[in-house]
Amino acid sequence: MPAFQLLVDGMTCEACVRRVREALAAVPGVIGVDVKLSGGRARVEVPEEAVAGAENLSRQLAEAIRGAGYQVVNASFMRHWQPTPEESPEPLAAAPIAA
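These numbers come from a predicted model, not from an experiment.

1. Topic: the overall build of the protein
Across its full length, the protein carries 2 helices and 5 strands. Its helices and strands in sequence order give the protein the pattern β-α-β-β-α-β-β, from N to C terminus. Residues classed as buried in the protein amount to 37% of the 99 residues present. Considering only contacts within the protein whose residues lie at least 6 apart along the sequence, 73% involve residues at least 24 apart. Accessible area of the protein: about 5400 Å², with a carbon and sulfur share of 53%.

Here you go:
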């Protein structure tokens, strides 16, 4: 499953994690989100159909994080990310993919 890995600066508590998770989950095309306070990591799963627009989606994810009051330190795209059980994102309700 394709996914983005983002390093987020400024998260200091579980409320921060929740705000980042909610901001990322609201981006059209996102199907799963996992945010960890430890290391400031966020992983965002997207459907295969979103790969073609990965650069635009990356910008949208960064804007969502900034809008929540945090900074993106680094972002990377993984076309074939296979999560370990500890890394499995929380599933989200199905959302339409932006064209």
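2. Considering the state of the cysteines
Evaluation of the coordinates by the stated rule reveals 0 disulfides. Just so you know, Cys13 is unpaired, no disulfide at all, and the nearest cysteine sulfur is the one on Cys16, 3.5 Å from it. Of the residues examined, Cys13 reaches a relative accessible area of 30% and is grouped as partly exposed.

3. Side note on the pairing of strand E2 (residues 32-36)
Summarising burial for E2: 4 of the 5 residues are buried, a large majority. In textbook terms, the turn of a hairpin is the stretch between consecutive antiparallel strands, and for E2 and strand E3 (residues 41-45) this stretch comprises 4 residues, one of which, Gly39, has a positive phi near 85 degrees.

4. Looking at helix H2 (residues 54-67)
When the terminal C-alpha atoms of H2 are compared, their 20 Å separation across 14 residues agrees well with the 20 Å that a helix rising 1.5 Å per residue should span. Those residues of H2 lying buried are Ala54, Leu57, Leu61, Ala62, Ala64 and Ile65. Down the axis of H2, the buried side of the element spans an arc of 155 degrees, and every buried residue falls inside it. For H2, the exposed residues lying more than 90 degrees away from the buried face are Glu55 and Gly67. Where H2 is buried, its residues touch strand E1 (3-9), helix H1 (14-25), E3 and strand E4 (71-78). A positive backbone phi angle near 100 degrees is found at Gly69, which sits one or two residues after H2.

Conventions used here
Residue numbering note: each chain is counted from 1, following its sequence as written. Totals for whole chains, interfaces and linings use all residues, but because this is a predicted model, local features are given only for residues with pLDDT of at least 70 and pairs of side-chain atoms are given and counted only at 80 or more. To get the side-chain values, take all heavy atoms of the structure and skip hydrogens and water. For helices the rule is a DSSP run of H or I covering at least 4 residues; for strands it is a run of E covering at least 2, with both sets numbered from the N terminus onward. Accessibility here uses a 1.4 Å probe with only protein chains present; expressed as a share of the type maximum, an area under 20% marks a residue as buried, one over 50% as exposed, and anything in between as partly exposed. Any pair of residues with heavy atoms lying within 4.5 Å of one another is described as a contacting pair. Only the protein chains shown count as cover for residues, with accessible areas throughout obtained via the Shrake-Rupley method and a probe of 1.4 Å. The disulfide criterion used throughout: a pair of cysteine sulfur atoms within 2.5 Å. A pair of strands is considered paired only if DSSP assigns at least 2 bridges between the two. Multiply 1.5 Å by the residue count of a helix minus one, and that product is the helix's expected span. This arc describes the spread of directions from the helix axis toward the C-beta atoms.

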